[in-house]
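Here is how the chains run, residue by residue.
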Amino acid sequence: MAVAANAAEAVEALGADFEERTGHRVAVTVGSTGKLYAQILHGAPFDVFLAADQERPRLLVEQGIAVEGSRVTYAVGRLVLWSPDPEVDAAAETLRKGAFRRLAIANPDLAPYGAAARETLQELGLWKSLRGKIVVGENVGQAFAMVASGNAELGFVSLASALSPRHGREGSYWEIPEHLHTPIHQDSVLLDRARNNQAARDFHEFLNTPRARETMESFGLEPRY
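Here the structure is a predicted model, which is why all the values come from computation and not from measurement. (Residues numbered from 1 in each chain as written. Predicted model: local features only at pLDDT ≥ 70, side-chain atom pairs only at ≥ 80, totals over all residues. Heavy atoms only, no water.)

Caption draft 1: Region of the structure containing the sheet that holds strand E1 (residues 2–4). The strand order E2-E1-E3-E10-E4 describes an open sheet built from five strands, whose pairing is mixed. Since the sheet does not close on itself, it has two edges, and those belong to strand E2 (29–31) and strand E4 (72–77), each with one partner. Across the sheet, the mean angle separating the axes of adjacent strands is 20 degrees when strand polarity is ignored. Here two bridges tie E1 to strand E3 (residues 48–50), and the two strands are oriented parallel to one another. Pairing of Val3 across the sheet is with Leu50, part of E3. In the packing of helix H9 (residues 198–206) onto the sheet, contacts are made with E3, E4 and strand E10 (184–190), and the angle to E10 comes to roughly 155 degrees. (Pairing = 2+ DSSP bridges. Helix = DSSP H or I, 4+ residues; strand = E, 2+ residues; numbered from the N terminus. Axes fitted to C-alpha atoms, helices over the stretch in contact; angles between N-to-C directions. Contact = heavy atoms within 4.5 Å.)

What follows is the structure, given as structure tokens:
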């Protein structure tokens, strides 16, 4: 299963739950939506794709690589500006002042969260002025790691990362208003190679259950069905 970085922890928890209930093994490969999409186009052996956008799953259906009618929005992601330091005011004004060395974002050309971060900075009129301070991770998980490690003081990351129990839910964050960027609707699809794979079909259907929605929400992903 190919999973966008921002949904990794939630899907790992769902996979463990699914394994316990069914006995089927769930293997998760995490990456940026763009890179995972490219791997699927080149024949990577994934059965289910949980993207961080709607575009790539739609394209896979159109190209006959994913099962028609299987595409569903499993979550809506939320972008936040995050600092691991609770004393830092993670806010638009802090970006405007620019009193920091580095600002981490995901690659805008590969990761929907990176594209949303770029749109946010453009809407705030700060994209050009902050370009020299921006450091880029391949995906939103790498952007988070840059900030968590101290290589950047601030970063645009997913709410799921900021609320992650693995990181103690530390620091401060500003949940970016939705009018500042395109909504991050996240779709999943069953890939054609798994058309007759009952375990893969069952897991994909499991994403559309109240239990799965509760798990998604607990990891900072807003479920939408």
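Picking up after the structure, the text goes on.
Caption draft 2: Just the pairing of strand E8 (residues 154–158), in detail. Within E8, five of the five residues are buried, leaving the element largely enclosed by the surrounding structure. When strand E5 (residues 79–83) meets E8, the two strands line up antiparallel, connected through four bridges. Bridge pairing in E8 places Leu79 opposite Ser158. Sheet topology places strand E6 (residues 103–106) next to E8; two bridges connect them, and they run parallel. (Buried < 20%, exposed > 50% of the residue type's maximum accessible area, 1.4 Å probe, protein only.)

Caption draft 3: Region of interest: the layout of surface pockets. The volume enclosed by the largest pocket comes to roughly 250 Å³. Lining the largest pocket are 18 residues, with Ala52, Asp53, Pro112, Thr182 and Pro183 sitting closest to its centre. The residue inventory of the lining of the largest pocket, partitioned by class, reads nine nonpolar, four polar and five charged. (1 Å grid on protein atoms, 1.4 Å probe; cavity = no way out; pocket = protein on both sides within 12 Å on 5 of 7 lines; lining within 4 Å. Points joined across faces, edges and corners; volume = space filled by probe spheres on them. Nonpolar A, V, L, I, M, F, W, Y, C, P; charged D, E, K, R; others polar.)

Caption draft 4: Up close: empty space enclosed by the protein. Taken as a whole and judged by the stated rule, the model has one cavity of 30 Å³ or more. The computed volume of the largest cavity comes to approximately 50 Å³. Ala4, Ala5, Asn6, Gly31, Ser32, Thr33, Ala52, Ala111, Pro112, Tyr113, Asn139 and Val140 are the residues that line the largest cavity. Along the lines of polarity and charge, the residues of the lining of the largest cavity split into seven nonpolar, five polar and no charged.

Caption draft 5: A look at the packing of aromatic side chains. Applying the stated criterion to the full structure yields four aromatic pairs. With 5.2 Å between their ring centres and 80 degrees between their planes, Phe18 and Phe203 make a pair best called edge-to-face. Highlighted residues: Phe18 in helix H1 (residues 8–22) and Phe203 in helix H9, separated in sequence by 185 residues. For Phe18, a relative accessible area of 5% corresponds to the buried category. Ring plane angle 40 degrees and centroid distance 5.8 Å describe the contact between Phe18 and Phe206, whose orientation is recorded as tilted. Here the residue Phe18 occupies a position in helix H1, and Phe206 occupies one in helix H9, the gap between them amounting to 188 residues. (Phe/Tyr/Trp six-rings, centres within 6.5 Å; stacked < 30°, edge-to-face > 60°.)

Caption draft 6: Layout of the pattern of salt bridges. Tallying each qualifying case throughout the model produces 14 salt bridges. Put simply, Arg21 and Asp17 hold a salt bridge, and the shortest N to O gap is 3.0 Å. Taken together, the positions of Arg21 and Asp17, both in helix H1 and four residues apart, correspond to about one turn of that helix. Glu55 serves as the salt-bridge partner of Arg58, at 2.6 Å between the closest nitrogen and oxygen. Of this pair, Arg58 and Glu55 both sit in helix H3 (residues 55–62), three residues apart, which is roughly one turn of that helix. Exposure remark for Glu55: the relative accessible area of 37% places this residue in the partly exposed category. Each of the salt bridges in this network shares a partner with another, and the network as a whole consists of Asp17, Arg21 and Arg211. (Salt bridge = Lys/Arg side-chain N within 4 Å of Asp/Glu carboxyl O.)

Caption draft 7: Inspection of the packing of H1 against H9 at higher detail. The contact between H1 and H9 brings their axes to 11 Å, and the two run at 120 degrees. By the angle class used here, H1 and H9 are oblique. The handedness of the crossing between H1 and H9 is right-handed. For the pair formed by H1 and H9, the contact residues are Val11, Leu14, Gly15, Asp17 and Phe18 on the first element and Ala199, Asp202, Phe203 and Phe206 on the second. Here the residues of the contact of H1 with H9 sort into six nonpolar, one polar and two charged. (Parallel < 35°, antiparallel > 145°, perpendicular 65-115°, else oblique. Left-handed = near helix turned anticlockwise from the far one by under 90°.)

From the geometry alone we can't say anything about function, so treat these as descriptive.
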